[in-house]
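# Coordinate inspection notes
Here are the chains, one letter per residue:
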Amino acid sequence: MADLSEIVKAYDVRGVVPDQWDESLAELFGAAFVRVTEASAIVVGHDMRPSSPGLSHAFGRGAAGQGADVTGIGLCSTDQLYFASGQLDLPGAMFTASHNPAQYNGIKMCRAGALPVGQDSGLAGIRELVERWSESGAPQRPDGVPEGTIGERDVLSDYAEHLRTLVDLTSIRPLSVVVDAGNGMGGHTVPTVFDGLPLQLDAMYFELDGTFPNHEANPLDPKNIVDLQQRVRETGADIGLAFDGDADRCFVVDEKGDPVPPSAITALVAARELAKSPGSTVIHNLITSWSVPEVVREQGGTPVRTRVGHSFIKAEMARTGAIFGGEHSAHYYFRDFWNADTGMLAALHVLAALGGQQGPLSELVAEYNRYAASGEINSRVDDQAGRAAAVRAAYEDREGVELDELDGLTVTAADWWFNLRASNTEPLLRLNVEARDRETADAVRDEVLAIVRA
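In every chain, residue numbers begin from 1 and rise along the written sequence. A pLDDT threshold of at least 70 governs which residues receive local features in this predicted model, and a stricter bar of 80 or more applies before side-chain atom pairs are shown or counted, although totals over entire chains, interfaces and linings include all residues. Note that water and hydrogens are dropped before the side-chain values are worked out from all heavy atoms of the structure.

Once that is clear, we can look at the overall build of the protein chain. Segments assigned H or I by DSSP are reported as helices when at least four residues long, segments assigned E as strands when at least two residues long, and all are numbered from the N terminus. Helix and strand counts for the protein chain stand at 15 helices and 22 strands. Throughout, radius of gyration means the C-alpha value; the globule benchmark is 2.2 Å times the number of residues raised to the power 0.38. Here the C-alpha atoms of the protein chain give a radius of gyration of 22 Å, agreeing with the 22 Å that 2.2 N^0.38 yields for 454 residues. Across its three principal axes, the protein chain shows a C-alpha extent of roughly 65 × 55 × 45 Å. Each residue is assigned to one of three classes by its accessible area relative to the maximum for its type, calculated with a 1.4 Å probe on protein chains only: buried under 20%, partly exposed between the two thresholds, exposed over 50%. In the protein chain, which comprises 454 residues, the proportion classed as buried is 58%. Contacts: residue pairs with any heavy atoms within 4.5 Å of one another. Within the protein chain, contacts between residues at least 6 apart in sequence are counted, and of these 68% link residues at least 24 apart. Roughly 18000 Å² of accessible area belongs to the protein chain as shown, and the carbon and sulfur atoms make up 46% of that amount. Averaging the locations of the 37 positively and 66 negatively charged side chains of the protein chain gives two centres separated by 2 Å. Per-residue accessibility takes into account occlusion by the displayed protein chains alone, with areas from the Shrake-Rupley method and a 1.4 Å probe. We score Asp and Glu as negative and Lys and Arg as positive, and we do not count His or the chain ends. All charge positions are set by atom: Lys at NZ, Arg at CZ, Asp at CG, Glu at CD.

We define a salt bridge as a contact between a side-chain nitrogen of Lys or Arg and a carboxyl oxygen of Asp or Glu at a distance within 4 Å. Per the counting criterion, the structure on display carries 26 salt bridges. In this structure, Arg14 and Asp12 form a salt bridge, with 2.7 Å as the shortest nitrogen-oxygen distance. Given the relative accessible area of 15%, Arg14 is considered buried. What makes Asp12 buried here is its relative accessible area of 10%. One salt bridge connects Arg380 with Glu426, and the closest N-O pair in it is separated by 4.0 Å. Taken as a pair, Arg380 in strand S18 (residues 377-380) and Glu426 in the loop between strand S21 (416-422) and strand S22 (428-435) lie far apart in primary sequence, 46 residues in all.

On to the sheet that holds strand S13 (residues 281-285), then. Strands pair in a sheet through their backbones, by hydrogen bonds, and they do so in one of two ways: parallel or antiparallel. Paired strands, in this sense, are two strands between which DSSP finds at least two bridges. Pairing within the open sheet is mixed, and its 4 strands lie in the order S14-S13-S15-S16. Both outer strands of the open sheet, strand S14 (302-306) and strand S16 (332-334), are each paired with one neighbouring strand and no more. With strand direction ignored, the average angle separating the axes of adjacent strands in the sheet is 20 degrees. Note on geometry: axes are C-alpha line fits, over the in-contact stretch for helices, and angles between N-to-C directions span 0 to 180 degrees.

The subject of this paragraph is the packing of helix H7 (residues 186-194) against helix H12 (residues 343-355). Running from amino to carboxyl end, H7 crosses H12 at an angle of 40 degrees, the nearest separation of the two axes being 12 Å. It follows from the interaxial angle that H7 and H12 lie oblique. Like other packed secondary-structure pairs, H7 and H12 cross with a definite hand, here right-handed. Each of Thr189, Val190, Val193 and Phe194 in H7 lies in contact with H12, whose residues at this interface are Met344, Leu348 and Leu351. Each residue gets one label: Ala, Val, Leu, Ile, Met, Phe, Trp, Tyr, Cys and Pro are nonpolar, Asp, Glu, Lys and Arg are charged, and the others, such as Gly, are polar. Residues of the contact of H7 with H12, tallied by class, amount to 6 nonpolar, 1 polar and no charged. Roughly parallel here means an angle under 35 degrees, roughly antiparallel means over 145, roughly perpendicular means 65 to 115, and every remaining angle is called oblique. Crossings are sorted by hand: turned counterclockwise from the far helix by less than a right angle, the near helix makes the crossing left-handed, and turned clockwise it makes it right-handed.

Such coordinate-based values are descriptive only and should not be taken to indicate function.
And the structure:
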């Protein structure tokens with residue numbers, strides 16, 4: 001029997017195929033998903049990984065076996081699946097392992113209206129049923145319930161049309177845009193979303209290939225945007241965009257080929273959304289830059305700080321009615337997109353902002369990129385709690401310093417702050433530092449790392 005503790009994570013299912021899970025297990029997950037959500041119909045999509053079609057079809061068979069009608073939307077990005085869940089008002093399942101290597105696959109699940117399914121909102125119950133059925137045999141269909149139907153539907157053009165109703169790009173100046181899809185689902189969605197817009201598209205690695213022959217589809221790792229940076233510089237493009245494997249995250253480089261921090265994108269998009277809905281709330285996680293809550297307040301909005309992770313962001317958006325939310329990892333959430341994350345909509349906002357004025361992107365984002373940051377630095381440690389406690393002890397009695405433990409340890413002074421968090425899945429401590437100048441940021445970084453790695 002598969003060890004589900006290895007593949008059922010906090011927010012999704014993810015593991016190596018076929019070593020850790022396979023189509024027979026995917027079928028049980030489909031049945032359990034229907035039982036837990038009590039769905040009479042669901043929608044299922046998948047990315048370009050070699051194992052994705054078989055796994056998603058098996059999931060659909062399991063769901064239909066429990067009486068649910070299954071709509072397969074085929075190849076799609078994760079935010080395209082969220083669109084289908086929201087538009088059709090159906091629970092959904094997306095087969096992807098995002099930016100993980102080719103041998104991995106996974107399932108991101110949501111309830112109707114793209115509401116997240118995590119450990120506390122159904123995933124624990126799904127795991128429990130799959131474990132029971134793995135031991136005792138396939139589940140029986142409830143008495144009196146007919147087998148569900150399995151059909152197909154193409155929602156790509158509807159998805160693109162919906163996004164274009166949320167951002168007006170009709171009057172922007174022509175822009176030259178390099179897009180690196182990393183052989184992921186951006187190669188499927190970008191041509192349709194960009195069709196008819198005043199954009200000259202330079203497409204890199206748009207061939208769908210789940211073996212990732214050119215580079216990992218993880219644009220947050222600097223080595224994976226080197227090709228994009230070089231192409232932008234060589235061609236004199238106005239902007240470069242990079243998508244991850246399932247195309248729900250978008251990373252931006254300016255006309256010089258320099259990366260634009262996701263916090264600056266969060267602040268820029270927040271300002272644009274607040275212009276549409278003055279006085280609204282904007283969510284940001286505790287690792288985003290000081291510039292984000294500053295810009296939100298300057299634009300008359302209310303910033304709300306939350307823990308890292310999409311389930312926390314989405315819960316706070318629902319609780320507060322926030323118009324927008326952003327994370328340091330380049331996940332961007334929109335009220336007008338069922339509170340779900342869509343890197344494509346964030347990209348359209350950046351293109352609209354850039355094309356709506358004459359200056360280069362580097363000048364446009366300078367207003368939102370106000371501080372020096374370390375980026376996320378990972379340290380492998382044997383004793384996460386012990387090393388974090390040592391850092392806490394080093395700072396808790398210092399004058400002018402505040403500590404909070406909303407998510408890990410955050411230490412804040414007048415001119416700098418840092419957050420130290422334990423990874424949920426690996427023996428790592430993750431450090432993020434920000435300061436008013438580079439020298440201070442580097443000094444704080446080095447001091448904390450010396451303690452962590454002692």
